[in-house]
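So you can see what is in the structure, the chains are spelled out below.
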Amino acid sequence: MENGDAYATYVIGVLYFNDYPEYDIDQDFSKGLELLKKSWEMGVVDAGYDLFEVYSQGNGVEKNSEIALYYLQESAEKGYLKSQRELARDYFGRGLFHYLDTDYEKAREWYAKAASQGDRESAVALAKIYDEGLGVEKNEETAFEWASRSEDMPYGANSIVFNALAYCYEEGVGTDVDLVNAYKYYDLLGTAGGSYKSKIAEKMTPEQIDQAVRLSGEWQREHNISMPNSEGYRYR
């Protein structure tokens, strides 16, 4: 079969794990599993992550950590980003099912592979690894570099990036302490950054706060994103 047919097989397999009467598909774990396995054999690496979840959660099959881990590792090796990230999480001690012993070196290896494909969470995890010296020599400059690179990556939530950069600028991790930029990134978090802004505002002049708010607005305009709960929203 051609790749389009293979991917269609995968998509229909996923649909069978839910109810989609509008597509005349009733939930059927057995059919779904059969199609996921078939699409995996046809080269659809996405199916590996779904099969990892199926065997981990026991959706229509007996839970089997060995089989689940096989599909996770194989799809990660084949370059599937979600599998690379989840494998890294597991080695880091944050996995959905925590199958593996904590190994920061292996976690770093897999986070780096996922980050190279543009995964923000993985880049921020690498920043933490280098900031805290987890399995590597502590290196704040490298930590800041990964946090900075995460901002331009395409996959993942903005909030994880804003938190990481705000922390680096507030604490001077790998860069000079810069409360203006710290306030800017906390502001981009909206209401979630309110308490952090209040804390650092005590050390800032009104002019610095105004500058930070304007920078927040400029960031929103540049990225065509609105953060209605931020002070900088009015400047976007």
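Just so you know, the residues in each chain are numbered from 1, in the order the chain's sequence is written. Whole-chain, interface and lining totals are the exception, using all residues; otherwise, since this is a predicted model, local features are given only for residues with pLDDT of at least 70 and side-chain atom pairs are given and counted only at 80 or more. To get the side-chain values, take all heavy atoms of the structure and skip hydrogens and water.

- Per an unreviewed UniProt entry, the chain is named Sel1 repeat family protein, and its organism is Halomonas huangheensis.

## Description of the overall build of the chain
- What the chain contains, in helices and strands, is 12 helices and 0 strands.
- For helices the rule is a DSSP run of H or I covering at least 4 residues; for strands it is a run of E covering at least 2, with both sets numbered from the N terminus onward. Going residue by residue from the N terminus, the α and β elements of the chain occur as α-α-α-α-α-α-α-α-α-α-α-α.
- Buried residues in the chain amount to 47% of all 236 residues.
- In this description, contact between two residues means that some pair of their heavy atoms is separated by no more than 4.5 Å. Put simply, 45% of the contacts in the chain that link residues at least 6 apart link residues at least 24 apart.
- Under the convention used here, a 1.4 Å probe and the Shrake-Rupley method define accessible areas, while residue burial counts only the protein chains that appear. Accessible surface computed for the chain: about 12300 Å², of which carbon and sulfur atoms make up 43%.
- Averaged over its 24 positive side-chain charges, the chain has a centre that lies 3 Å from the centre of its 43 negative ones. Each residue gets one of three labels from its accessible area relative to the maximum for its type: buried under 20%, exposed over 50%, partly exposed in between, using a 1.4 Å probe on protein chains only. Charged-residue counts in this description rest on Lys and Arg as positive and Asp and Glu as negative, His and the chain ends being excluded. The location of each charge is read from NZ of Lys, CZ of Arg, CG of Asp or CD of Glu.

## Considerations on the side chain of serine 216
- For serine 216, the position within the fold is in helix 12 (residues 206-223).
- Those residues in contact with serine 216, other than ones at most four positions away along the chain, are Lys184, Asp187, Leu188, Ser230 and Gly232.

## So, the packing of helix 2 (residues 29-41) against helix 3 (residues 46-57)
- Here, axes are lines fitted to C-alpha atoms. For helices the fit covers the stretch in contact, and angles between N-to-C directions go from 0 to 180 degrees. Here helix 2 crosses helix 3 at 145°, and the two axes come no closer than 9 Å. Remark: the crossing between helix 2 and helix 3 carries left-handed chirality. Here helix 2 contributes Leu33, Leu36, Lys37, Ser39 and Trp40 to the contact with helix 3, which in turn contributes Ala47, Gly48, Asp50, Leu51, Val54 and Tyr55. Working rule for handedness: look at the near helix, and if it is turned counterclockwise from the far one by less than a right angle, call the crossing left-handed; if clockwise, right-handed.

## What to know about the pattern of salt bridges
- Salt bridges are defined by distance alone: a side-chain nitrogen of Lys or Arg within 4 Å of a carboxyl oxygen of Asp or Glu. Inspection of the entire model under this criterion finds 12 salt bridges.
- With a closest N to O distance of 3.6 Å, lysine 113 and glutamate 109 form a salt bridge. Of this pair, lysine 113 and glutamate 109 both sit in helix 6 (residues 104-116), 4 residues apart, which is roughly one turn of that helix.
- The exposure class of glutamate 109 is partly exposed, given its relative accessible area of 39%.
- As a salt-bridge pair, lysine 138 and aspartate 131 come within 3.6 Å of each other at their nearest N and O atoms.
- The partly exposed category is assigned to lysine 138, whose relative accessible area is 48%.

## What about the packing of helix 8 (residues 140-150) against helix 9 (residues 158-171)?
- Running from N to C, helix 8 and helix 9 point in directions that differ by 140°, and their axes come no closer than 9 Å. As judged from the angle between their axes, helix 8 and helix 9 are oblique. The hand of the helix 8/helix 9 crossing is left-handed. On the side of helix 8, the interface is formed by Phe144, Ala147, Ser148 and Ser150, while helix 9 contributes Val161, Ala164, Leu165, Cys168 and Tyr169. Here the word oblique covers every angle except those under 35 degrees (roughly parallel), over 145 (roughly antiparallel) and from 65 to 115 (roughly perpendicular).

## Some words on the packing of aromatic side chains
- Only centres within 6.5 Å qualify two rings of Phe, Tyr or Trp (six-membered ring in Trp) as a pair; their planes then separate them into stacked at under 30 degrees, edge-to-face at over 60, and tilted for everything else. Under the criterion given, the structure shown has 17 aromatic pairs.
- Here, over-ring charges are defined by two tests on the NZ atom of lysine or the CZ atom of arginine: distance to the ring centre within 6 Å, and angle to the ring normal within 35 degrees. The side chain of arginine 149 reaches across the aromatic face of tryptophan 146, ending 4.1 Å from its centre.

## Side note on helix 12
- Helices are assigned an expected span. That span is 1.5 Å times one less than the residue count. Its 18 residues place the ends of helix 12 26 Å apart at the C-alpha level, agreeing with the 26 Å of an ideal helix rising 1.5 Å per residue.
- Three or more residues of helix 12 are buried, namely Ile209, Ala212, Val213, Ser216, Gly217, Trp219 and Gln220. Seen from one end, helix 12 has its buried residues packed into an arc of 155°, which puts them on one side. Exposed positions of helix 12 whose direction lies more than 90 degrees from the buried face are Glu207 and Glu222.
- Lining the buried residues of helix 12 we find helix 9, helix 10 (179-188) and helix 11 (194-201).
- Once helix 12 ends, the next one or two residues include asparagine 224, with phi positive near 55°. The arc in question is traced by the directions running from the helix axis to the C-beta atoms.

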